[in-house]
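Chain and residue survey
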Number of protein chains: 2
Amino acid sequence: MKIIKTGGVTTPVGFKAGGINCGIKSNGKSDLAIIYSEVPGATALLTTTNQVKAAPILWCKEVIVNPYKQAVVVNSGNANACTGEPGTAAVKLTADKMGEALGLQSADVLVASTGVIGVALPVEKILAGIDALVPKLGNTLENGELAAKAILTTDTVMKTIAVEVDIQGKPVKIGGMAKGSGMIHPNMATMLSFVTTDVNIEPALLQKLLKETAVDTYNMISVDGDTSTNDMVTVISNGMAGNSKLEENTPDYEIFKEAFVYVHKTLAKKIIRDGEGATKFVEVEVFGTKTKDDARAMAKSVITSNLVKTALFGEDANWGRVLCALGYSGVAFDPLKVSLVFSSQAGMITLLSDGVPIAFDEDEAKKVLSEKEINISVELNEGDEKAVAWGCDLSYEYVKINGDYRS
Amino acid sequence: MKIIKTGGVTTPVGFKAGGINCGIKSNGKSDLAIIYSEVPGATALLTTTNQVKAAPILWCKEVIVNPYKQAVVVNSGNANACTGEPGTAAVKLTADKMGEALGLQSADVLVASTGVIGVALPVEKILAGIDALVPKLGNTLENGELAAKAILTTDTVMKTIAVEVDIQGKPVKIGGMAKGSGMIHPNMATMLSFVTTDVNIEPALLQKLLKETAVDTYNMISVDGDTSTNDMVTVISNGMAGNSKLEENTPDYEIFKEAFVYVHKTLAKKIIRDGEGATKFVEVEVFGTKTKDDARAMAKSVITSNLVKTALFGEDANWGRVLCALGYSGVAFDPLKVSLVFSSQAGMITLLSDGVPIAFDEDEAKKVLSEKEINISVELNEGDEKAVAWGCDLSYEYVKINGDYRS
């Protein structure tokens, strides 16, 4: 697999994109993005499990019944959630306008929104924006980056990726863009992620692959424990790489899958690195559980614990809070069999070894925890399964951002 | 029911208490408390559901098999959790010393600890402290307050209560003391609560009553979502009021129950009012659900949401986050049937009425949310059940306290 140093949704063959400010964001930052495929693409979709679903989410769930899509339109600055009938109507008008502007059926179009909940969507700005943006769509790197920037809200950086693999002698590319900074606690994922690929694959297999992939990527990140009303991940694969249709359980599929998982995992981690107010990027690895679900529950429990997160912000080697979080994860285990290590580029300290607290040097601990990227590894000694979760610390900045942002 | 303006664990007949500093806390604050009943009392006990249980918790679960206890010893400043064999031995030595000093069996004694996890308990200080404290035990209000202060950690105030009811022409009193400020997310309750009463009741009925009571009191509070390793609530009833043994489903029982629930609910709310860094006391009432469990899950979800908590800190009427928290509570409901109101002493604003967002005056909202005590009421229109949860906001102070406190 080759990682394409700068790439995104326009990297695979046959995809165009773009982004502009259509007037939703009063500060002039871009707020409208489009991704377009020259031909219809087999499409996979995952959406939030929150009972309260934004109007665009409901639209996507409806139209994905026919799993071939050709365009996505995304606005930021307004989630179009809890906006009643007008919100629903706005989505339809948006899809209709996209169809008209691009020569598609409305149902060929996915719609997404992100931003403040409960404020009416200024749809007339979106409609005018679509008319202005469509002629500007292009397949360059820059076009892709304009789209990637237009979907951001409290994010401080755009999150893009592109990779290439060789399948049957043909280059197959996967590109992606994502957003998400606060209100991050995937189930499926509190964020928006759009992935394009030119691979040739059946939609059912693509959906299966996406669903599996989300479990250990987007579903294993947390910034603050809140699962949003607007979560969405979608993958459009337009087949323009020209490979023979991928079949499960073949070497070609495995090659694609490895790259696919890498793309989603990287986007998920990029979201965490940009977590609201985050000063630390934290990876929690749980080993030695009876089942994978056990490991996931435990890793998520640690990464979500406010007390662990504040300790990490304070660079305090407070392993008791980690153990406490493991203890209320819902998984049965014997505390006397647990080993626990904190590590970073600066070194490693063992806090617990088979249930026994190990005396450690506070200065060494401080050195390890002063790094931006921290790893917490836990061995339960109950079985052979493992899981990884990613998160960040809880800082004053998080409180400041969220005490002040109507979102 | 009469609320006794200043009272606590020594208010009921036949109870003594006291508190001193035995040297665990280096700042000289008191850290050792004892409650003693002149005669053995029917005892009820609830302990943490965290898989990781402190050594004293394990002791209590063992000895409660015989549900009559006569004393409790509590130390603060050290949780005696994750302390291995030495920690277990320390509990036994403590109970033995209490037995020796008070003329009891070791198994007549409950032991509790609260404070930092993973640090060896300096048991010799506790043993010496017991010898020093026992002669000082008394049944005055002051003795009770000394005990109430000795169990505190990051709390800024002691939490006590006492009430009196009339049963069969006899006064029956219930008194209590509790602690808990951070690491609060009951399941059963992340805190210590000790309640004394002179009522005459069978232990089995008392346990049943305590278990029921905890569900809508301690289990409905949250400061930060972390359930600790040391949670415990215990009630000792020594029968010295002289009433005929309480029988379920009788008017006398109902009179006692009402007072009992009031005591625990008040202690639970006092814990929240003193939540680490809290500037707001928040009550979330959920009405109109199909089941009580639904209502509880939804109320807890809202009170625990970091995004709701930070919005309240910022005095921002961000109802979208409340709806979002309801949406990921796990309970199915129709967002289009929801009504939502924020209120306080300063007034009331309606945010949603039967699913429709209601335009509100931002100044009015600011006025309502500037108060210290906020009520969020949600009507689901799905049934007739309801529940209430209490919590607090998430502030810079919380981050500061927990970024700096090894606990």
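What you see is a predicted model; the values in this text were computed from it and never measured. All residue numbers refer to position in the chain's written sequence, counted from 1. Lettering for chains starts from A, numbering for ligands starts from 1, and both go in the order in which the items are written. Per-residue local features are limited, in this predicted model, to residues with pLDDT of at least 70; the limit for side-chain atom pairs, both in listing and counting, is 80 or more; totals at the level of whole chains, interfaces and linings are taken over all residues. The side-chain numbers reported here are obtained from all heavy atoms of the structure, hydrogens and water having been left aside.

So, the relation of the copies chain B and chain A
- To line up the copies, we fit them by least squares on C-alpha atoms, keeping just the residues with pLDDT of at least 70 in both. When chain B is brought onto chain A, the operation consists of a screw motion whose angular component is 180° and whose axial shift is 0.0 Å, with 0.0 Å RMSD remaining. Such a combination of rotation and displacement between the chain copies is what one expects of a two-fold axis. No C-alpha of chain B lies nearer the rotation axis than that of Tyr396(B), which sits 2.6 Å from it.
- A shared interface surface links the copies, since 100% of the contact residues of chain B are contact residues in chain A too. Here a residue-residue contact requires only that any non-hydrogen atoms of the pair lie within 4.5 Å.

Describing helix α5 (residues 203–215) of chain B
All names here are of chain B.
- To qualify as a helix, a DSSP run of H or I must reach at least 4 residues; to qualify as a strand, a run of E must reach at least 2; elements of each kind are numbered from the N terminus. The length a helix should cover is 1.5 Å for every residue beyond the first. A rise of 1.5 Å per residue sets the reference length of α5, with its 13 residues, at 18 Å; its end C-alpha atoms lie 19 Å apart and thus fit the reference within 8%.
- Here's how the labels work: a residue is buried when its accessible area is under 20% of the maximum for its type, exposed when over 50%, partly exposed in between, all with a 1.4 Å probe on protein chains only. Residues Pro 203, Leu 205, Leu 206, Leu 209, Leu 210, Thr 213 and Ala 214 constitute the buried set of α5. An end-on view of α5 places all buried positions within 165° of arc, on one side of the element. Opposite the buried face of α5, at more than 90 degrees from it, the exposed residues are Ala 204 and Lys 211. By definition, the arc is the one covered by directions from the helix axis to the C-beta atoms.

Notes on the pairing of strand β15 (residues 373–379) of chain A
All names here are of chain A.
- The element β15 is largely enclosed, with a buried count of five among its seven residues.
- At least two bridges found by DSSP between two strands are what make those strands a pair. The sheet contact formed by strand β11 (residues 281–289) and β15 spans seven bridges and is parallel. Each residue of the ladder has a partner; that of Glu 285, found in β15, is Ser 377.
- Where strand β12 (residues 339–344) lies against β15, five bridges are found, and the strand directions are antiparallel. By the bridge assignment, Leu 340 is partnered in β15 with Val 378.

Observations concerning the environment of Ile24(A)
Residue and element names in this part refer to chain A.
- Residue placement: Ile 24 occurs in the loop between β2 (15–20) and β3 (32–47).
- Sequence-wise, Ile 24 and Gly 129 are 105 residues apart; in three dimensions their C-alpha atoms are separated by 9.9 Å.
- Discounting chain neighbours no more than four positions away, the residues touching Ile 24 are Asp 31, Asn 75, Ser 76, Gly 77, Asn 78, Pro 122, Lys 125 and Ile 126.

Quick look at the sheet that holds strand β15 (residues 373–379) of chain B
All names here are of chain B.
- Spatially, the seven strands line up as an open sheet ordered β9-β16-β11-β15-β12-β13-β14, and their pairing is mixed. Each end of this open sheet is capped by a strand with a single partner; those strands are β9 (221–222) and β14 (356–357).
- To define axes, lines are fitted to C-alpha atoms, for helices over the stretch in contact only, and angles between the resulting N-to-C directions are given on a 0 to 180 degree scale. Set on the sheet, helix α6 (residues 251–273) makes contact with β9, β11 (281–289), β15 and β16 (385–392); between it and β16 the angle comes to about 40°.
- On the sheet, helix α7 (residues 292–304) packs against β9, β11 and β16 and is oriented at approximately 20° with respect to β16.

Let's talk about the pattern of salt bridges
Residues and elements named next belong to chain B.
- Salt bridges are defined as contacts in which a side-chain nitrogen from Lys or Arg sits within 4 Å of a carboxyl oxygen from Asp or Glu. Going through the model one piece at a time under the given rule, you end up with 32 salt bridges over all chains.
- A salt bridge links Glu 212 to Lys 208, with the shortest nitrogen-to-oxygen separation between them at 3.9 Å. Note that Glu 212 and Lys 208 are positioned in helix α5 at a spacing of four residues, about one turn of the helix.
- Given a relative accessible area of 38%, Lys 208 falls into the partly exposed group.
- Residue Glu 212 is joined to Lys 257 by a salt bridge in which the shortest nitrogen-to-oxygen separation is 3.5 Å. Of the two residues, Glu 212 is situated in helix α5 and Lys 257 in helix α6; the sequence distance between them amounts to 45 residues.
- On the basis of relative accessible area, Glu 212 is assigned to the partly exposed category, the value being 34%.

Structural notes on the interface of chain B and chain A
- Tallying the contact residues gives 49 residues for chain B and 49 residues for chain A.
- Take the accessible area each of two parts loses on contact, using a 1.4 Å probe, and add the two losses: that sum is the buried area. Around 4200 Å² of area is buried between chain B and chain A when both sides are counted, 57% of it from carbon and sulfur atoms.
- Of all the secondary-structure elements, those providing two or more residues to the side of chain B that touches chain A are α8 (306–313), α9 (319–327) and α11 (396–404) of chain B.
- Its residues assigned to classes, the side of chain B that touches chain A shows 23 nonpolar, 19 polar and seven charged. Polar here means any residue other than Ala, Val, Leu, Ile, Met, Phe, Trp, Tyr, Cys and Pro, which are nonpolar, and Asp, Glu, Lys and Arg, which are charged; Gly is therefore polar.

Topic: the nonpolar core
- In terms of nonpolar packing, the biggest core is built from 264 residues, with Phe194(A), Phe342(A), Ile376(A), Phe194(B), Phe342(B) and Ile376(B) touching the most fellow members.
- Those residues in contact with Ile376(B) that sit more than four places away from it in its chain are Val282(B), Glu283(B), Val284(B), Glu285(B), Leu312(B), Val322(B), Leu340(B), Val341(B) and Phe342(B). Working definition of a nonpolar core: buried Ala, Val, Leu, Ile, Met, Phe, Trp, Tyr and Cys residues. They are joined through side-chain atoms within 4.5 Å.

Concerning the side chain of Thr94(B)
Residue and element names in this part refer to chain B.
- Mapping Thr 94 onto the fold places it in helix α2 (residues 84–102).
- On the basis of relative accessibility, which here comes to 4%, the residue Thr 94 falls in the buried class.
- Excluding residues within four positions of it along the chain, Thr 94 makes contact with Val 73, Val 111, Val 123, Ile 126, Leu 127 and Ile 130.

Things to note about the sheet that holds strand β9 (residues 221–222) of chain A
Residue and element names in this part refer to chain A.
- On the basis of which strands lie adjacent, the open sheet formed by seven strands has the order β9-β16-β11-β15-β12-β13-β14 and mixed pairing. Both outer strands of the open sheet, β9 and β14 (356–357), are each paired with one neighbouring strand and no more.
- The pairing of strand β13 (residues 347–353) with β14 spans two bridges and is classified as antiparallel. Opposite Ser 353, over in β14, you have Val 356 as the bridge partner.
- Helix α6 (residues 251–273) contacts β9, β11, β15 and β16 (385–392) of the sheet and is inclined by roughly 40° relative to β16.
- The strands touched by helix α7 (residues 292–304) are β9, β11 and β16; relative to β16, the strand with the most contacts, the crossing angle is about 20°.

Here's the deal with the domain arrangement of chain A
Residue and element names in this part refer to chain A.
- Start and end positions for the domains come from either an automated domain assignment or a database one. Its domain assignment divides chain A into domain 1 (2–273) and domain 2 (281–403).
- Taking only C-alpha atoms, the centre of domain 1 and the centre of domain 2 are 32 Å apart.
- Contacts between domain 1 and domain 2 engage 16 residues on the former and 18 residues on the latter.
- Across the interface of domain 1 and domain 2, roughly 1500 Å² is buried in total on both sides, 60% from carbon and sulfur atoms.
- Counting across the domain 1 and domain 2 interface gives two salt bridges.
- A salt bridge links Asp 216 to Arg 296; the nearest nitrogen and oxygen atoms lie 2.9 Å apart.

Regarding a nonpolar patch on the surface
Residue and element names in this part refer to chain A.
- The patches reported here contain residues having more than 30% relative accessible area and no salt bridge. Joining distances are 9 Å for like charges and 5 Å for nonpolar side chains (Val, Leu, Ile, Met, Phe, Trp, Tyr). The Shrake-Rupley method, run with a 1.4 Å probe, gives the accessible areas here. Residue values count only the displayed protein chains as cover. A cluster of nonpolar side chains, namely Val 13, Val 39 and Met 240, defines an oily patch on the protein surface of about 190 Å² accessible area.
- Summarising the element assignment, Val 13 is placed in the loop between β1 (2–3) and β2.
- For Val 13, a relative accessible area of 36% translates into the label partly exposed.

Quick notes on the packing of helix α2 (residues 84–102) of chain A against helix α3 (residues 123–133) of chain A
Residue and element names in this part refer to chain A.
- Running from amino to carboxyl end, α2 crosses α3 at an angle of 10°, the nearest separation of the two axes being 10 Å. Judged by the inter-axis angle, α2 sits roughly parallel to α3. As α2 runs across α3, the sense of the crossing is right-handed. Contacts between α2 and α3 involve Ala 90, Leu 93, Thr 94, Lys 97, Met 98 and Ala 101 from the former and Val 123, Ile 126, Leu 127, Ile 130 and Asp 131 from the latter.
- Grouping the constituent residues of the contact of α2 with α3 by class yields eight nonpolar, one polar and two charged. Convention used here: angles under 35 degrees read as roughly parallel, angles over 145 as roughly antiparallel, angles from 65 to 115 as roughly perpendicular, and any remaining angle as oblique. The crossing is said to be left-handed when, going from far helix to near helix, the turn is anticlockwise and less than a right angle, and right-handed when the turn is clockwise.

What to know about α6(A)
- Taking 1.5 Å of rise per residue, the 23 residues of α6(A) would be expected to cover 33 Å, and the 33 Å separating its terminal C-alpha atoms lies within 8% of that figure.
- Of all the residues in α6(A), the buried ones are Tyr253(A), Phe256(A), Ala259(A), Phe260(A), Val263(A), His264(A), Thr266(A), Leu267(A), Ala268(A), Ile271(A) and Ile272(A).

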